[in-house]
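The primary structure of each chain is shown beneath.
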Amino acid sequence: MPDLAVWVDTLHGCCQAVLQGDQQLIVRLREAGFDCQEGAWSFRLPALHAWLFGQHGALDYPTFLKQLYASDLNERLARQGAQIAIADNCGKVSESLYRLQRLP
């Protein structure tokens, strides 16, 4: 099983890059079907899981969710003036839309 810190660090790094306007990553995310622009990235968790682990398939989705919710990702992002928030609550975790955004 992948080390929690490694993939959370990878996701945090991607969030940082989006917040900083990394055009190469933003284009890659758009090509993968995400709504992404400088400072904002919208995703559903199944798509995020597929994007993070698609090449490796190393972490199953239920474990991914448990580890994501147990991580300090939003605390780390808050120190940079950002958060991942629910953009559209569809009543189920896997159907809701989440968004990386700057804090107001």
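The structure under discussion appears in the preceding block.
Residues numbered from 1 in each chain as written. Predicted model: local features only at pLDDT ≥ 70, side-chain atom pairs only at ≥ 80, totals over all residues. Heavy atoms only, no water.

A.B. asks: Even after reading the chapter, I still don't get the overall build of the chain, so can you show me in this structure?
C.D. replies: Summing up its helical and strand segments, the chain has 5 helices and 4 strands in all. The helix and strand sequence of the chain, counted from the amino end, reads α-α-β-β-α-α-α-β-β. Rg of the C-alpha trace for the chain: 13 Å, near the compact-globule value of 13 Å for 104 residues, within the 12% margin. Summarising its shape, the C-alpha atoms of the chain cover approximately 35 × 30 × 25 Å along the three principal directions. A buried classification covers 42% of the 104 residues belonging to the chain. Counting every atom, the chain has about 5,900 Å² of accessible surface; 50% of that belongs to carbon and sulfur. Here the chain carries 9 positive and 11 negative side-chain charges, and the mean point of each set is 3 Å from the other. (Helix = DSSP H or I, 4+ residues; strand = E, 2+ residues; numbered from the N terminus. Rg over C-alpha atoms; globule rule 2.2 N^0.38 Å. Buried < 20%, exposed > 50% of the residue type's maximum accessible area, 1.4 Å probe, protein only. Areas by Shrake-Rupley, 256 points an atom, 1.4 Å probe, with all protein chains shown as cover. Lys, Arg positive; Asp, Glu negative; His and termini not counted. Charge placed at Lys NZ, Arg CZ, Asp CG, Glu CD.)

A.B. asks: Any chance you could explain the sheet that holds strand β2 (residues 40-43) here in plain terms?
C.D. replies: Sheets are built from strands that pair by backbone hydrogen bonding, the pairs being arranged parallel or antiparallel. Here we have 4 strands laid out as an open sheet, ordered β1-β2-β4-β3, and antiparallel in their pairing. This sheet does not close on itself; its edge strands, each paired only once, are β1 (35-37) and β3 (82-88). On average, adjacent strands in this sheet sit at an angle of 20° to one another, irrespective of strand direction. In this sheet, strand β4 (residues 97-102) lies alongside β2 in antiparallel orientation, the contact comprising 3 bridges. Looking at the pairing, phenylalanine 43 lines up with tyrosine 98 of β4. (Pairing = 2+ DSSP bridges. Axes fitted to C-alpha atoms, helices over the stretch in contact; angles between N-to-C directions.)

A.B. asks: How should the packing of helix α3 (residues 45-53) against helix α4 (residues 61-70) be read in this particular structure?
C.D. replies: The description of two helices packed together rests on the angle between their axes and the distance between the axes. Their axes nearest at 11 Å, the elements α3 and α4 cross at an angle of 100°. Judged on the interaxial angle alone, α4 and α3 are roughly perpendicular. Listed contacts from α4 to Leu45, Pro46, Leu48, His49, Leu52 and Phe53 of α3 are Tyr61, Phe64, Leu65, Leu68 and Tyr69. By residue class, the composition of the contact of α3 with α4 is 10 nonpolar, 1 polar and no charged. (Parallel < 35°, antiparallel > 145°, perpendicular 65-115°, else oblique. Contact = heavy atoms within 4.5 Å. Nonpolar A, V, L, I, M, F, W, Y, C, P; charged D, E, K, R; others polar.)

Note that all results are geometric; they support no functional claim without further evidence.
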